[in-house]
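# Survey of secondary and tertiary structure
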Amino acid sequence: MPIKLLMGNEAIALGALAAGVSVAAGYPGTPSTEVLETIAKEIKKIEQHQHVDTVDATRSVVSEAGLRPASAYTIEWSVNEKAALEVAAGASYTGARTLVTMKQVGLNVASDPLMSLAYIGVKGGMVVLVADDPGPISSQTEQDTRTFAKYSKLPCFDPSSPEEAYAMIQDAFALSEELHTPVLFRPTTRLCHATAPIDVTDEWKTVKPEGFIKDPKWVIFPRLSVKAHAEIEKRNRALSERFSDYKFNAIEGRSEAFGIATGGVCYAYVKEALKRLGAEWVRVLKIATPFPFPQSLALDFIDSVERVFVVEELDPVIERELLYLAGAAGRTLDIYGKEITENLPASGEYTVEMLTENIAAYLGLPYETPQTPELPPLPVRPPVLCAGCPHRASFYAVKRAMGGKKAVFCGDIGCYTLGNALPLDMVDTCLCMGAGITIAQGIARAEPDTTAFAFVGDSTFFASGITGIINAVYNKNDMVLVVLDNRITAMTGGQTHPGIGKTLMDEQTAALNIPAILRAIGVEPRVVNPLSLDEAVNAVKAAAAESGVRAIVFEYPCVNVERPKGKATVNAEKCTGCSLCRREIGCPALKIGAKAEIDASLCTGCGLCVQVCPFDAIEVTK
Amino acid sequence: MNILICGIGGQGVVYASKLLARQALERGETVHTAETIGMAQRGGSVVSHVRIGGDCHSPLIPKGDADVIIGLEPAETVRNIAYLKTGGTVAVSTRGIAPTTGGNYNPEDMLTYLKGLQIDLIVVDAEEVFRRDGSYRNLNIEMVNAVGHLI
């Protein structure tokens, strides 16, 4: 078994393959994206192996074990998380082992099918991987999937390290298949993006789907739900007992006075803090299955110490369970944490440093908080649109066209949320995937003298934009839709989507045409290259002057999709150093000294600054 | 051994951490790394944590615990200086990268600040790398080599 240096997400992917997963679907979202990408990469390796017909050393064992051909795998970027979950559920109904991947806000989109699937159940093992993002580092919310697990009544695994995640996801598949229920698997950012050396197996389990067998149990009706609900409650009680013996739920340490209860990546932080304090003797309860909560194990822990400090990011899931258990069982002990005693912050990411300090205080150990040296003023580096990004040109065209007129600019989720930064300042609202389109309609309804714009990217258009446009047409709402089509899902690192003509597995497929979709809905779009500034501005002006549902599709590929085609240079004789270029478009390649300068290492030659300069001082050389 | 590598998106911070991790693995040591990936990547600060040896738990190095900081950019090095342990070593590149959003920033101020600290400081002349290679592309490797004797 080779030791491989794997990112948490890669470990989860390889663990899922080892567990016999043959259908995997998801929607990109940081920090979950690499899971599905890794599975796709591994399956493509088999494909190549089959093509060249040579024995790949790392796969030979697998072949002997009866590995399925690459064609037996279905790996897809679905149109959104709901679609991904339903595709996986269908495959699971036939007996295939399936994985669904998403970030925590994706679970909101997928929650409709998942809540019902919890009642219907599955046949082949089905794991729903939901990556949480304490901080949040790159998300809209800090929602806690452990809480969702309790709400949906679905078993949930919460790994504490990439090594553990590799083993645990295999347990999750086995449990799911045994109990015929989808299972939640919830890593957090620091685990997803941490790497560790992992002993991986080359033997992937082969699960042969039995096929779909017709049965009334696959059709949800109130009568079925009543029965299913009762069975779920019974199952979860039994599972709580069983989880008390699960190897990754554990009690460590020998103290009879001080206990710490923790789970997920916080377990690693606690261990590190205890090591720093020389306090490894503290008794630690590690919770790997926050739902159903391992009550017997937790009660043993409660009975073994005099006080407990609960350390967990986001919701006080473990804390409430312990408070409930202690209360219900009539035990007397002090429980410290974030909710009642407010020892730890109720939100945000935790660090080893802050836990060391808090744990030292809890244990009554001396600890001197290291003095942070006073720093000189540091440059601020907010995320910005790349040099040459076509979104910059699109935003600028709308800004110029609407200069001084009453307008609201509704943004959406993607790179183009960064259009909110100065000097563009073109995102007034951003809520969730696809929401800009419908928010704009609401604003226009309530404030009819405002022109409401909605910006949406190509991937978001397919994920959840189309229904909003249908709503606008049907209800005769007033809006200007601006589709920013850069031919990629850019923010998450460049994934395919239905408009591109290629699948995750590099297969050719239909490239859905956004203008054609709009026409079919009854909206005739203006299709414009945003880098042709005058044309773009005129298109916006014309659209703004009309009423009803108007649409502009700005088409130009992301700079990471199509390689740069030239460089802009400044004619120092013509440049007056007025800095208008920089102030208007804020391109990171533009620097202003006495004259404008262009950073050749960043410039893509998009030519937007050329069109902005009033002195014709910039030109693009191909 | 805790090594923190910092710089700007595109400088090869993550590559340098992978290089260090692979080398450690080849030496038969266990190694853990963690990167900042996501929105922070676009023109923003990037930090990689490399932890060599089996006695660590957290993927991230706690502040005050880094044996070595490899700073591919002066201001980013200063930003992360609290991670350095007492008696630790800092290798810093001389080449400043101004924020993409504009504003004044003099990398010399950062180097002066670092020189004023009670630390073991190795200053790597990025311009020499540029003169040699015609680009800054290998700066990350150069910086790793600069502290190679410590790792």
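Residues numbered from 1 in each chain as written. Chains lettered and ligands numbered in written order. Predicted model: local features only at pLDDT ≥ 70, side-chain atom pairs only at ≥ 80, totals over all residues. Heavy atoms only, no water.

### Some remarks on the packing of helix H4 (residues 81-93) of chain A against helix H5 (residues 104-120) of chain A
Residue and element names in this part refer to chain A. Stated precisely, the cut-off is as follows: Every angle, taken between N-to-C directions, lies between 0 and 180 degrees, and every axis is a line fitted to C-alpha atoms, over only the stretch in contact when it is a helix. Runs of E in the DSSP output that reach at least two residues are strands. Runs of H or I that reach at least four are helices, and both are numbered from the N terminus. Should an angle fall under 35 degrees it is taken as roughly parallel, and over 145 as roughly antiparallel, whereas 65 to 115 is taken as roughly perpendicular and any remaining angle as oblique. We call two residues in contact whenever any of their non-hydrogen atoms come within 4.5 Å of each other. Each residue gets one of three labels, nonpolar for Ala, Val, Leu, Ile, Met, Phe, Trp, Tyr, Cys and Pro, charged for Asp, Glu, Lys and Arg, and polar for the others, Gly among them.
Two elements in contact, H4 and H5, have axes whose closest approach is 7 Å; the angle formed by their N-to-C orientations is 25°. Relative to H5, the element H4 lies roughly parallel. For the pair H4 and H5, contact is made by Glu81, Lys82, Leu85, Glu86, Ala89 and Tyr93 and by Gly106, Val109, Ala110, Asp112, Pro113, Leu114, Leu117 and Ile120, respectively. Residues of the contact of H4 with H5, tallied by class, amount to nine nonpolar, one polar and four charged.

### With respect to the environment of A:Pro376
We count it as follows: Each residue is placed in one exposure class: buried if its accessible area under a 1.4 Å probe, protein chains only, is under 20% of its type's maximum, exposed if it is over 50%, and partly exposed if it falls in between.
Locating A:Pro376 in the fold gives a position in the loop between helix H13 (352-363) and helix H14 (390-402). On the basis of relative accessibility, which here comes to 18%, the residue A:Pro376 falls in the buried class. With 187 residues separating them in the primary sequence, A:Pro376 and A:Arg563 have C-alpha atoms 38 Å apart. Discounting chain neighbours no more than four positions away, the residues touching A:Pro376 are B:Val78, B:Met110 and B:Tyr113.

### Observations concerning the pairing of strand S14 (residues 407-410) of chain A
All names here are of chain A. This is how the line gets drawn: Following DSSP output, two strands are said to pair if at least two bridges run between them. When the strands point away from the viewer and the path from the first strand over the helix to the second turns clockwise, the crossover is right-handed.
The two faces of S14 match: Ala407 and Phe409 on one face and Val408 and Cys410 on the other face are all buried. Summarising the sheet, S14 and strand S15 (residues 451-457) pair through four bridges and their orientation is parallel. Within S15, the residue paired with Val408 across the bridge is Ala452. Considered for its hand, the β-α-β crossover made up of S14, helix H15 (residues 435-446) and S15 is right-handed.

### A look at the sheet that holds strand S2 (residues 21-26) of chain A
Residue and element names in this part refer to chain A. Reading across from one edge, S3-S2-S4-S5-S7-S6 is the order of the six strands in this open sheet, with parallel pairing throughout. The open sheet is flanked by strand S3 (74-77) and strand S6 (156-157), the only strands paired with a single partner. Sheet topology note: the S6/strand S7 (residues 183-185) ladder contains two bridges and is parallel. What sits directly across from Phe157, in S7, is Phe185. Strands in contact with H4 are S2, S3, strand S4 (97-103) and strand S5 (126-131); relative to S4, the strand with the most contacts, it is inclined by about 170°.

### Observations concerning empty space enclosed by the protein
All names here are of chain A. To keep things clear, this is the line we draw: Buriedness of a pocket was judged along seven lines, with at least five required to meet protein on both sides within 12 Å; pockets are open sets of points on a 1 Å grid over the protein atoms alone, cavities are sets where a 1.4 Å probe fits but cannot get out, and lining residues have an atom within 4 Å of a point. Grid points are joined across faces, edges and corners, and a volume is the space filled by probe spheres set on the points.
Overall, the coordinates contain seven cavities of 30 Å³ or more when judged by the stated rule. Counted as a void, the largest cavity has a volume near 130 Å³. Taken together, 16 residues line the largest cavity, and the ones lying closest to its centre are Gly388, Cys587, Cys603, Cys606 and Cys609.

### Points about the sheet that holds strand S5 (residues 84-93) of chain B
Taking strand neighbours across the sheet as the criterion, the eight strands line up as S1(A)-S8(A)-S2(B)-S3(B)-S1(B)-S4(B)-S5(B)-S6(B) in an open arrangement whose pairing is mixed. In the strand order of this sheet, the two ends are held by strand S1 (3-7) of chain A together with strand S6 (120-124) of chain B, each with one partner. When the angles between neighbouring strand axes are averaged without regard to direction, this sheet yields 20°. Relative to strand S8 (residues 194-199) of chain A, S1(A) is paired through five bridges, and the arrangement is antiparallel. Along S8(A), the bridge assignment pairs A:Lys4 with A:Ile198. Of the strands in this sheet, S1 and S8 of chain A are in contact with helix H1 (residues 8-18) of chain A, which crosses S1(A) at around 120°. This element, helix H1 (residues 13-26) of chain B, spans S1 and S8 of chain A together with strand S1 (2-8), strand S2 (31-35), strand S3 (45-52) and strand S4 (66-71) of chain B of the sheet and lies at about 5° to S3(B).

### Considerations on the confidence of the model for chain A
Caution applies to low-pLDDT regions: their predicted coordinates should not be interpreted in detail. As a reminder, the rule being used: For every residue, the predictor assigns a confidence score, pLDDT, that lies between 0 and 100.
When pLDDT is averaged along chain A, the result is 94, and 97% of the positions lie at 70 or above. Ignoring residues within four places in sequence, the model shows residues 51-66 of chain A, a span with pLDDT below 50, making 16 contacts including any to other chains.

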